[in-house]
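# Descriptive structure summary
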Amino acid sequence: MKKLLIFSIILILCFGGCSAAEAAGEYSFSLSDYYPDDGTVFCSYPEIFENKIVYSAARHISDPQQGNNKVKIYDLTTDKETALNISAIYTFITGDKIYYQSGRNICKASLDGGNSEVVFTAPEDKLFGFSKGGSDGRFIFWLSDSDYSNAEIFCYDTAKESYSSVAKPASIHNPYQNFKIKNDFACYAEASGGKYNIYSVKLSTGKNTLLCTAKRDLSQYVYNGNTLVWSDSDGVHYFRNDTVYDIDNGKSKGDVDIFKDRYIFFFNNFQIYVYDIETEQIAFTTAPENYDENKIYPEYCQWFSLDEESGKAVFILWDRDLALSHYSDWEYEEYPELISVMDIKKEK
């Protein structure tokens, strides 16, 4: 995998036809691009766990059998890519182990793909999901009836090699969103009378608490114990101290996350935005300063992975010309997808 030079924020944005306000507050943000050894279209967005990026490599849309969802791991510290003998889309890495969904099973294997074993099997009469967004050695999975009623949410603790039930919603809303774990908390939603009640779950105790009620269909939500952030058809919002704040009315339905209880990540028009709660300003964006509708700009998939401990995030980058310039032998109609890695560093 070839690594581009890591430019400063301003240079990256100028080079890509984008610009941004200077990073505000205590942290700065910069992007660099990485190219998988083989041109690919990803099965789902890559995830990052400390210095390891894991993704399903994938398939070409024109040739679905190519790749067969094979898992690959790219190590940022060694600049090496490793292909595992595992086919999966949903994965979780901790220490020297990888956990992944295989059919109706959750499996565990070593990072070389060996010594695979089943650690959970879902009942045949239940819907089953393995969620992205795990952290601190824990991840979420869930079961429900076919209409999402009689749901049950579980937390798997890899240190204990056991799982426990942490919530039993009467009906869970959009369980295929990511149950992100932040500071011992996750959250879920129930639909009721055209509104959406969002609950927090303290994973160590199993305590469920109603946080607030949203008026629109939720796309993604995350709670860190102090601040709830969510996106819906009205934009991006956060809830803190019993007050709801609106920070984007661009009707951008996509992923959201929060870093250090201060910086909110969201997307608008397939561009990355980082909003600083303290300054009430955009601290970073890939959006062009002077948008030209006749110009084609690089875009980013609206789903991403943030590792708060390492201060890194990964995104899928869509840039046809850049991608084809690196994979000259590409023969498929759609163009390869690239990976962008964000470094988040505390300012001195």
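One structure accompanies this document, and this report is about it. (Residues numbered from 1 in each chain as written. Predicted model: local features only at pLDDT ≥ 70, side-chain atom pairs only at ≥ 80, totals over all residues. Heavy atoms only, no water.)

### Some words on the overall build of the protein chain
Secondary structure assignment for the protein chain yields 2 helices and 29 strands. For the protein chain, with 348 residues in total, the buried portion stands at 55%. Restricting to contacts in the protein chain with at least 6 residues of sequence separation, those with at least 24 account for 45%. (Helix = DSSP H or I, 4+ residues; strand = E, 2+ residues; numbered from the N terminus. Buried < 20%, exposed > 50% of the residue type's maximum accessible area, 1.4 Å probe, protein only. Contact = heavy atoms within 4.5 Å.)

### Concerning the layout of surface pockets
There is about 650 Å³ of room inside the largest pocket. Residue lining of the largest pocket: 28 residues in total, with G134, S135, D136, D307 and E309 positioned closest to the centre. Among the elements of the structure, β3 (47-49), β7 (91-94) and β27 (305-307) are those that each provide at least two residues to the lining of the largest pocket. (1 Å grid on protein atoms, 1.4 Å probe; cavity = no way out; pocket = protein on both sides within 12 Å on 5 of 7 lines; lining within 4 Å. Points joined across faces, edges and corners; volume = space filled by probe spheres on them.)

### Overview of the sheet that holds strand β25 (residues 281-285)
Read across the sheet, 4 strands follow the order β22-β23-β24-β25 without closing on themselves; strand pairing throughout is antiparallel. One side of each edge strand has no neighbouring strand; the edge strands of this open sheet are β22 (257-259) and β25. Taking the axes of each pair of neighbouring strands and ignoring which way they run, one obtains an average angle of 35° across the sheet. Taken together, the 3 bridges between β22 and strand β23 (residues 263-268) define a ladder with antiparallel strand orientation. Within β23, the position partnered with I258 by the bridge is I264. (Pairing = 2+ DSSP bridges. Axes fitted to C-alpha atoms, helices over the stretch in contact; angles between N-to-C directions.)

### A few points about the sheet that holds strand β16 (residues 195-202)
Spatially, the 3 strands line up as an open sheet ordered β15-β16-β17, and their pairing is antiparallel. With partners counted over all chains shown, the strands left at the sheet margins are β15 (185-192) and β17 (207-214), one partner each. Neighbouring strand axes in the sheet, compared pairwise and without regard to direction, differ in orientation by 25° on average. Both β15 and β16 contribute to a ladder of 8 bridges, which runs antiparallel. Each bridged residue has a counterpart across the sheet, and for A186 the counterpart in β16 is V201.

### Observations concerning the nonpolar core
Counting 26 residues, the largest nonpolar core has F29, F265, F315, M342 and I344 as the members making the most contacts within it. Contributions of two or more residues to this core are made by β2 (27-35), β23, β24 (271-276), β25, β28 (312-318), α2 (320-326) and β29 (338-346). No other element matches β2, which puts 4 residues into this core. Sequence-distant contacts of I344, defined by excluding residues within four places in its chain, comprise Y27, S28, F29, F259, F265, L306 and G311. Formed by 25 residues, the second largest nonpolar core is a distinct cluster that contains V54, I98, A122 and F154. (Core = buried A, V, L, I, M, F, W, Y, C linked by side-chain atoms within 4.5 Å.)

### Quick word on the environment of N241
On the secondary structure map, N241 appears in the loop between β20 (235-240) and β21 (243-248). N241 gets classed as exposed once you look at its relative accessible area, which sits at 62%. Taking the C-alpha atoms as reference points, N241 and N226, 15 residues apart in sequence, are found 8.1 Å from one another.

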